[in-house]
Amino acid sequence: MDEQAFALLIEPHRRALHLHCYRMLGSLHDADDALQETMLRAWKGSDRYEPHAQLGTWLHTIATNVCLTAIAHRRARPAELVEDLEHLQPYPDRLLDDLVQRETVELAFITAIQLLPPKQRAVLILRDVLEWSARETSEALGDSIAAVTSALQRARVGLAGTRPHVPAPGGRELALVKRFMTAWDAVDVDGLVALLTEDALMTMPPEGMRVASAQAIGEFFGSVPQGGRLDEIRLVRTSANRQPALAAYARDADGKHRPYGLMVLQFEGDLIAGIVGFPDPRLFERFGLPSEQA
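So, a few notes on the structure that sits alongside this text. These numbers were taken from a predicted model, which means no experiment stands behind them.

**A look at the sheet that holds strand β2 (residues 209-212)**
- Strand order in the open sheet formed by 6 strands is β2-β1-β6-β5-β4-β3, with mixed pairing between adjacent strands. Edge strands, defined here as strands with exactly one partner in the open sheet, are β2 and β3 (233-240). Recorded for the sheet is a direction-independent mean angle of 20 degrees between the axes of neighbouring strands.
- Seen against the sheet, helix α12 (residues 214-221) touches β1 (196-204), β2, β5 (257-268) and β6 (271-278) and runs at an angle of roughly 55 degrees to β1.

**Considerations on the environment of Val-105**
- Here Val-105 shows up in the loop between α5 (79-83) and α6 (107-114).
- The exposure class assigned to Val-105 is buried, which follows from its relative accessible area of 0%.
- Considered as a pair, Val-105 and Gly-142 are 37 residues apart in the sequence and their alpha carbons are 26 Å apart.

**Quick word on the layout of surface pockets**
- Taken as a whole, the second largest pocket spans an internal volume of roughly 670 Å³.
- Residue lining of the second largest pocket: 29 residues in total, with Arg-23, Gln-101, Thr-104, Val-129 and Leu-130 positioned closest to the centre.
- For the lining of the second largest pocket, the element with the highest residue contribution is helix α2 (residues 14-25), accounting for 5 residues.
- Here the lining of the second largest pocket is built from residues that sort into 14 nonpolar, 6 polar and 9 charged.

**Comments concerning the packing of aromatic side chains**
- One pass over the full model with this rule turns up 7 aromatic pairs.
- With 6.1 Å between their ring centres and 65 degrees between their planes, Phe-220 and Phe-221 make a pair best called edge-to-face. Each member of the pair Phe-220 and Phe-221 is classed as buried.
- On the numbers, 5.1 Å between centres and 85 degrees between planes, the contact of Tyr-249 with Phe-284 is edge-to-face. Here Tyr-249, found in strand β4 (residues 243-251), pairs with Phe-284, found in helix α13 (residues 283-286); they are 35 residues apart in sequence, far enough to count as distant. For the pair Tyr-249 and Phe-284, a shared accessibility class is recorded, and that class is buried.
- Cluster of aromatic residues (ring-pair linked, three or more members): Phe-180, Trp-184, Phe-220 and Phe-221.

What counts, and where the lines are drawn
- Residues numbered from 1 in each chain as written.
- Predicted model: local features only at pLDDT ≥ 70, side-chain atom pairs only at ≥ 80, totals over all residues.
- Heavy atoms only, no water.
- Pairing = 2+ DSSP bridges.
- Helix = DSSP H or I, 4+ residues; strand = E, 2+ residues; numbered from the N terminus.
- Axes fitted to C-alpha atoms, helices over the stretch in contact; angles between N-to-C directions.
- Contact = heavy atoms within 4.5 Å.
- Buried < 20%, exposed > 50% of the residue type's maximum accessible area, 1.4 Å probe, protein only.
- 1 Å grid on protein atoms, 1.4 Å probe; cavity = no way out; pocket = protein on both sides within 12 Å on 5 of 7 lines; lining within 4 Å.
- Points joined across faces, edges and corners; volume = space filled by probe spheres on them.
- Nonpolar A, V, L, I, M, F, W, Y, C, P; charged D, E, K, R; others polar.
- Phe/Tyr/Trp six-rings, centres within 6.5 Å; stacked < 30°, edge-to-face > 60°.

Keep in mind these values describe shape, not function.
Here you go:
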């Protein structure tokens, strides 16, 4: 089989492999690199692929081991950087297949599994997300079934305190997002605070920032972004990790609004319980967002 024919054979698996690498690594950009390395290794090892085996399983096995190697390289850096999840990025909904379940890609889940040891993370994703058997998982990781089973049990314990987000019924999330945008445009900080749960938490993984409580978040909005001039920041609706998100465009000296950052929102009942900020303008292109707003 020549390289072009092989590329066509594995193309239908590309999107699932990219998402798998994202779950493993928590970073959109790192998932890009891992996917390319997976494709390269698959091509180089194509002569060893056995046609009776499941192609998707074979490719995911390669991708898993590529990601484990990437994590090992990442962990060679100072420990505090790893623990602060400075690599965490959101995942554009536009890259997700329709069948991807929200709880398997939600930002809280991705964040939680990044804190697991690499082997436990891999086992959890293969067993509980991809629904592989213990035998398939053990073969992919080169471990015994007993070791895989033990790692899965420990991983589940590690995630025990992570609650999946339950979407608000009847389109109330969209209504809340619109109210948030209206209050933002009006620089109505009190109105923004009223949309938050009392114990709402705002984080910014790349900078290790945590702002706890609705009141503290309000004080942040009233003083930090553009010095509190929220009307100089235009918000545009988007979606990430199967959650509502907002793209922020800050006004430049020429009057045009350019990419500033993304906010991914999490809801609890009729209020916003969490905001995760990503001050990375490079993400806008991946989300299919324009490079400026008039």
